[in-house]
Amino acid sequence: MTVLVTGFTGKVGYEVAGNLKKKGIPFKCATRNVKKAIDRYGDDYDFVQLDFAEPATFASALHVVDQLFLMYPPGENLRFEEFLAEAKQMGVQHITYISIKDVQFLPFIHHFKNEKLIRNLGVPYTFIRAGYFMQNLNDFLCREIKERQRIFVPAGKGKTSFVDVRDLAEVVSLSFQDSEQHRYKAYTVTGAEALDFFEVADKMTTILGRPISYTNPSTKEFKEHMLSSGIDKAFVNVVIGIHFPTRLGLAKGISTDYEELTGMKPTKIEKYIEDYQNAWNQL
Ligand SMILES: NC(=O)c1ccc[n+]([C@@H]2O[C@H](COP(=O)([O-])OP(=O)(O)OC[C@H]3O[C@@H](n4cnc5c(N)ncnc54)[C@H](OP(=O)(O)O)[C@@H]3O)[C@@H](O)[C@H]2O)c1
């Protein structure tokens, strides 16, 4: 059995690879730029080139792959449907796709369409419908936390169901370890509590030992600041879109799927902040 981990250099893919490694499950890691990945991660991983916009990369990436951890990146001109067809043709036996919580109510987003494509493909699948990643705080929210001691997102006062991507990786691994049990299932994976960003800022303040605030910017203020900081407009719009349901109070649903699947409690945000505290060290 060999798993192909797509999005290895991203938040979920990296943790999926780490989890598979820990469990001794063979895997290969996909990236658009193998040289860059080797420079960054060394020779510990077996890298293959994969670009969803370049069908010429599909067959070699899928060579001798039985199981596929699949993520959908932002980007233009992705040939995702062709990639799925090639995966089926090359004998992939199980696809575990990272999707988003409440996707069934969001027919206008990519994940809705992608779940449908995968369901219709005729290959066993597991959908992991994830809550809001804690690791967004050390990823696209990191710069404002480091430079201005603030969480800067247009999420209003809404609560969101934070999840640690390490917990998602655990469920992804389980889906491959026991494919029969998890095929044709959709799991909603969240942490145990929904929090607003004021509460997250308070917890960061306590654990990091310096004041971090949530300034609750309006969408307009957020957009103007990000664009004037040179952030790409398409990306700014994606971030606004991600936080829109939270702003409307629609993101606070909690699921018990993680505990039922693993027998463990989901990771608390306090533990996440402790583990990642070096990420927010001041400049
Ligand atoms: N952030 C959240 O709170 C949240 C919540 C629920 C669900 N999700 C979903 O979770 C999924 C995984 O997100 P993530 O945060 O782990 O990703 P991420 O950290 O944003 O990383 C993006 C990854 O996509 C890869 N990539 C970009 N363009 C590509 C292309 N054309 N072909 C192949 N690979 C490409 C990149 O790899 P290279 O640059 O190495 O090629 C990178 O590894 C996304 O679909 C997201 O919508 C996110």
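For clarity, every value in this text was computed on a predicted model and none was experimentally measured.

### With respect to the overall build of the chain
Along the chain, the regular secondary structure elements total 13 helices and 12 strands. The C-alpha radius of gyration computed for the chain amounts to 19 Å, which stays within 12% of the reference 19 Å derived for 283 residues, consistent with globular compactness. Taken along the three principal axes of its C-alpha coordinates, the chain extends 50 × 40 × 40 Å. Of all intrachain contacts in the chain linking residues separated by at least 6 positions in sequence, the fraction that spans at least 24 positions is 76%.

### Here we look at the sheet that holds strand β11 (residues 194–195)
Across the sheet, which stays open at both edges, the 3 strands sit in the order β7-β9-β11 with mixed pairing between neighbours. Edge positions in the open sheet fall to β7 (132–133) and β11, since each of these has one partner strand only. Judged from the 2 bridges that link them, β7 and strand β9 (residues 160–163) form a sheet pairing that is parallel. Note on β9: the bridge partner recorded for Tyr132 is Phe162.

### What about the site of the ligand?
The ligand sits among 24 residues. The nearest are Thr9, Gly10, Thr31, Arg32 and Pro73. A total of 3 residues in the shell around the ligand trace back to one element, the largest contributor, which is helix α1 (residues 11–23). Its residues assigned to classes, the shell around the ligand shows 14 nonpolar, 7 polar and 3 charged.

### Comments concerning the UniProt feature "domain: NmrA-like" (unreviewed entry) in the chain
As recorded in UniProt, the sites labelled "domain: NmrA-like" (unreviewed entry) are residues 2–273. As annotated, residues 2–273 has a helix share of 44% and a strand share of 17%, and its two end C-alpha atoms lie 33 Å apart.

### Comments concerning unusual backbone geometry
A positive phi angle, near 50°, is found at Val64, a position not held by glycine. The residue Val64 is located in the loop between α3 (58–62) and β4 (67–70) in this model.

### Observations regarding helix α5 (residues 110–121)
For the α-helix, the turn length of 3.6 residues means that residues three or four positions removed from each other point alike. In a regular helix each residue adds 1.5 Å, so 12 residues correspond to 16 Å; α5 covers 16 Å between its end C-alpha atoms and thus fits that length. Among all positions in α5, only His111, Asn114 and Ile118 are buried. Axial view of α5: buried residues confined to an arc of 60°, hence all on one face. The exposed residues of α5 that point more than 90 degrees off its buried face are Lys116 and Asn120. Taken together, the buried residues of α5 touch α4 (80–89), β5 (94–100) and β6 (125–130). Where α5 ends, the next residue or the one after it, Gly122, has phi of about 90°, a positive value.

Criteria and thresholds
Residues numbered from 1 in each chain as written. Predicted model: local features only at pLDDT ≥ 70, side-chain atom pairs only at ≥ 80, totals over all residues. Helix = DSSP H or I, 4+ residues; strand = E, 2+ residues; numbered from the N terminus. Rg over C-alpha atoms; globule rule 2.2 N^0.38 Å. Contact = placed C-beta atoms within 7 Å. Pairing = 2+ DSSP bridges. Near = placed C-beta within 6 Å. Nonpolar A, V, L, I, M, F, W, Y, C, P; charged D, E, K, R; others polar. UniProt positions renumbered as here; feature names shortened; annotations may be inferred. Expected span 1.5 Å × (residues − 1). Buried ≥ 20, exposed ≤ 12 C-beta atoms within 10 Å, placed from the backbone. Arc of directions from axis to C-beta.

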